[in-house]
Amino acid sequence: MEFFNNIWVALSTPNENLLKLLFIPTSLLEHFLSMNIFMGILNISTSTRKKAIYVISMSIVGLLTLQFIPTPFNTILNYIIMIILICILFKCSFFKGFISTISSALVFGIVGFLVTNPYISILDITSYDLNTTPIYRLGYLAIMYVIIALIILFLKYKYNKIILTDDLDKKTKSIIIINFIFIIVILIIQSFSFFYYTN
């Protein structure tokens, strides 16, 4: 009984070490889902080996940048490396690599933003509890990943013709990139204001 009590205490109290340990499997799953988002939207097809290399490489990069580079610089570096890795592994242009990265970030950002407030309200916890207590974090991630998996399935079977090609003219590409940047900036501002002013 003592064993189960210790597990419950580790899961239900702030535990930074356990969260770091849980980062490995959640990172693998998150990068797998992220890859499926942009591969579905941009109609990129490749081998299972390249997919595995992408997921493992991005997870290692995420782990290293989380340990050694402060936030938000680690996130920016992750996105830059993600664009480069997508361009190299999946042999696509910078435009497709950029749109791939931003589309994945947008889906995760929007779903995370929409799930966070109800989750915190229903459980009557703070954003600090969500970010430091493993059981709350795992529940939040499970809900978020299920919703994202459903979005991927919906895109795959209902809207599988969303294809951005490199045949777009320079002006159209610039407009698309600028719009995506504005959306990301708005999501970042909303996320910061939510986490810093809701408690």
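Check the entry above for the structure.
I will try to describe carefully the structure that is included in this document. (Residues numbered from 1 in each chain as written. Predicted model: local features only at pLDDT ≥ 70, side-chain atom pairs only at ≥ 80, totals over all residues. Heavy atoms only, no water.)

Turning next to helix H2 (residues 16–42). Between its terminal C-alpha atoms H2 stretches 37 Å, which fits the 39 Å expected from 27 residues at 1.5 Å a residue. Maximum bend of H2: about 35°, positioned at phenylalanine 23, with proline proline 25 one to four residues after it. In this structure asparagine 15 caps H2, since a side-chain oxygen of it lies 3.4 Å from the backbone nitrogen of asparagine 17. After H2 finishes, the residue asparagine 43 shows a positive phi value of roughly 55°. (Helix = DSSP H or I, 4+ residues; strand = E, 2+ residues; numbered from the N terminus. Expected span 1.5 Å × (residues − 1). Bend = angle between axes of the 7 residues up to and from the residue. Polar contact = N/O pair within 3.5 Å; in protein donor to acceptor, adjacent residues only side chain to side chain.)

Now for the side chain of serine 100. By secondary structure assignment, the location of serine 100 is in helix H5 (residues 94–123). Sequence-distant contacts of serine 100, defined by excluding residues within four places in its chain, comprise Phe38, Leu42, Ile44 and Ile86. (Contact = heavy atoms within 4.5 Å.)

A separate point is the packing of helix H3 (residues 48–68) against helix H4 (residues 73–89). As a packed pair, H3 and H4 sit with axes 10 Å apart at the nearest point and diverge in direction by 160°. What the angle tells us is that H3 and H4 run roughly antiparallel. Here the hand of the crossing between H3 and H4 comes out right-handed. The segment H3 lies against H4, with Lys50, Ile53, Tyr54, Ser57, Met58, Val61, Gly62, Thr65 and Leu66 engaging Asn74, Leu77, Asn78, Ile81, Met82, Leu85, Ile86 and Leu89. Taken together, the residues of the contact of H3 with H4 sort by class into 11 nonpolar, five polar and one charged. (Axes fitted to C-alpha atoms, helices over the stretch in contact; angles between N-to-C directions. Parallel < 35°, antiparallel > 145°, perpendicular 65-115°, else oblique. Left-handed = near helix turned anticlockwise from the far one by under 90°. Nonpolar A, V, L, I, M, F, W, Y, C, P; charged D, E, K, R; others polar.)

Scope: geometric values only; no functional claims are made or implied.
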